[in-house]
Amino acid sequence: MNLKESLIQNNSIQLNAKATDWKSAIKLGTDALVSAGVVEDRYYDAITKAIGEEGPYICIHDAFALPHCRPEDGVIKTGFALTVLETPIMFEGVDEPVDVLITLAGKDSDEHIEGTMQVANLIEFDEDFSKLRACKTADDVACLIDAALAEAEAA
């Protein structure tokens, strides 16, 4: 599943979103995926329960989190949601605040690999997320993802 296509098809890009804590930030992404028919409501509960038990395993880069859980936790089909927060939030045990979240729902262990690689390309292309934070529209985000992919292919 292609990251950009998923974000556009699912109408799951949220810019300057408001969240009061990590749970509400994750809820923004999972709600977008629920609305798109990608996951069931229980996917949010599974993610927050896993973080409660295992710690903030979703915080994989400075200012960035990749909320996800297992396919059997309510995934209907593979998809992504992007949330850029207006104000960063903190996760317990993480030193840096998070304001960029890409929620991942993988239907199986393989179908989301292409999109996950594109997430990695985006992180490498926009390491401090300044370009992503500057995006005003979904089209801006799509262009940024295209630029990241083009740079990765050129390397």
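Residues numbered from 1 in each chain as written. Predicted model: local features only at pLDDT ≥ 70, side-chain atom pairs only at ≥ 80, totals over all residues. Heavy atoms only, no water.

An unreviewed UniProt entry lists the protein chain under the name Ascorbate-specific PTS system EIIA component, from Aliivibrio fischeri SR5. Per UniProt, the protein chain carries the Function (unreviewed entry) text "The phosphoenolpyruvate-dependent sugar phosphotransferase system (sugar PTS), a major carbohydrate active transport system, catalyzes the phosphorylation of incoming sugar substrates concomitantly with their translocation across the cell membrane. The enzyme II UlaABC PTS system is involved in ascorbate transport." Reading the Subcellular location (unreviewed entry) entry of the UniProt record for the protein chain gives the comment "Cytoplasm". (UniProt positions renumbered as here; feature names shortened; annotations may be inferred.)

Student: With reference to specific residues and values, describe the overall build of the protein chain.
Tutor: The helix and strand tally for the protein chain stands at six helices and five strands. Listing the helices and strands of the protein chain from first to last along the sequence gives α-β-α-α-β-β-β-β-α-α-α. Rg of the C-alpha trace for the protein chain: 14 Å, near the compact-globule value of 15 Å for 155 residues, within the 12% margin. Along the first, second and third principal axes, the C-alpha atoms of the protein chain reach 40 × 30 × 25 Å. When the 155 residues of the protein chain are sorted by exposure, 47% land in the buried category. Of the contacts made within the protein chain by residues no fewer than 6 positions apart, 69% connect residues no fewer than 24 positions apart. Only carbon and sulfur atoms are counted for the fraction: they give 49% of the accessible area of the protein chain, which is about 7,700 Å². Taking the 12 positively charged and 29 negatively charged side chains of the protein chain as two groups, their mean positions are separated by 6 Å. (Helix = DSSP H or I, 4+ residues; strand = E, 2+ residues; numbered from the N terminus. Rg over C-alpha atoms; globule rule 2.2 N^0.38 Å. Buried < 20%, exposed > 50% of the residue type's maximum accessible area, 1.4 Å probe, protein only. Contact = heavy atoms within 4.5 Å. Areas by Shrake-Rupley, 256 points an atom, 1.4 Å probe, with all protein chains shown as cover. Lys, Arg positive; Asp, Glu negative; His and termini not counted. Charge placed at Lys NZ, Arg CZ, Asp CG, Glu CD.)

Student: Report on the pattern of salt bridges, specifying residues and quantitative values.
Tutor: By the definition in use, this model includes seven salt bridges. Glu-86 is paired through a salt bridge with Lys-18; the nearest N and O atoms lie 3.1 Å apart. Placement of the pair is Glu-86 in strand β4 (residues 79-89) and Lys-18 in the loop between β1 (13-17) and α2 (22-35), with a sequence separation of 68 residues. Residue classification places Glu-86 among the partly exposed residues on the basis of a relative accessible area of 46%. A salt bridge links Lys-49 to Glu-53; the nearest nitrogen and oxygen atoms lie 3.9 Å apart. A residue pair is termed a helical-turn pair when its members lie 3 or 4 positions apart in one helix, as Lys-49 and Glu-53 do in helix α3 (residues 42-54) at four residues. According to the relative accessible area criterion, Glu-53 is exposed, its value standing at 57%. (Salt bridge = Lys/Arg side-chain N within 4 Å of Asp/Glu carboxyl O.)

Student: Before we move on, could you go through the UniProt feature "domain: PTS EIIA type-2" (unreviewed entry) in the protein chain and cite the residues and values that matter?
Tutor: The feature "domain: PTS EIIA type-2" (unreviewed entry), as annotated in UniProt, sits at residues 6-148 in this numbering. The span residues 6-148 is 42% helix and 20% strand, and its two end C-alpha atoms sit 16 Å from each other.

Student: Can you tell me about the packing of helix α4 (residues 113-125) against helix α6 (residues 138-154), naming the residues and giving the values?
Tutor: The contact between α4 and α6 brings their axes to 9 Å, and the two run at 90°. Viewed along their axes, α4 and α6 adopt a mutual orientation that is roughly perpendicular. Residues Gln-118, Asn-121, Leu-122 and Phe-125 of α4 form the contact with α6, whose own contacting residues are Leu-144, Ile-145, Ala-147, Ala-148, Leu-149, Glu-151 and Ala-152. Counted by class, the contact of α4 with α6 contains eight nonpolar, two polar and one charged residues. (Axes fitted to C-alpha atoms, helices over the stretch in contact; angles between N-to-C directions. Parallel < 35°, antiparallel > 145°, perpendicular 65-115°, else oblique. Nonpolar A, V, L, I, M, F, W, Y, C, P; charged D, E, K, R; others polar.)

Student: Go over the packing of aromatic side chains, please, and point to the residues and values.
Tutor: A complete count under the given rule lists two aromatic pairs for this structure. Where Phe-64 meets Phe-129, the ring centres are 5.6 Å apart and the plane angle is 20°; that geometry is what we call stacked. Note that Phe-64 is positioned in strand β3 (residues 64-65) and Phe-129 in the loop between α4 and α5 (130-134), a separation of 65 residues in sequence. (Phe/Tyr/Trp six-rings, centres within 6.5 Å; stacked < 30°, edge-to-face > 60°.)

Student: I'd like to hear about the sheet that holds strand β2 (residues 59-61), residue by residue, with values.
Tutor: Sheets are built from strands paired through backbone hydrogen bonds, the pairs being either parallel or antiparallel. Sheet architecture is open: five strands sit in the order β1-β4-β5-β3-β2, paired in mixed fashion. Each of the sheet's edge strands pairs with one partner strand only, and the pair in question is β1 and β2. Here β1 pairs with β4 via three bridges, running parallel. Each bridged residue has a counterpart across the sheet, and for Ala-17 the counterpart in β4 is Leu-85. (Pairing = 2+ DSSP bridges.)

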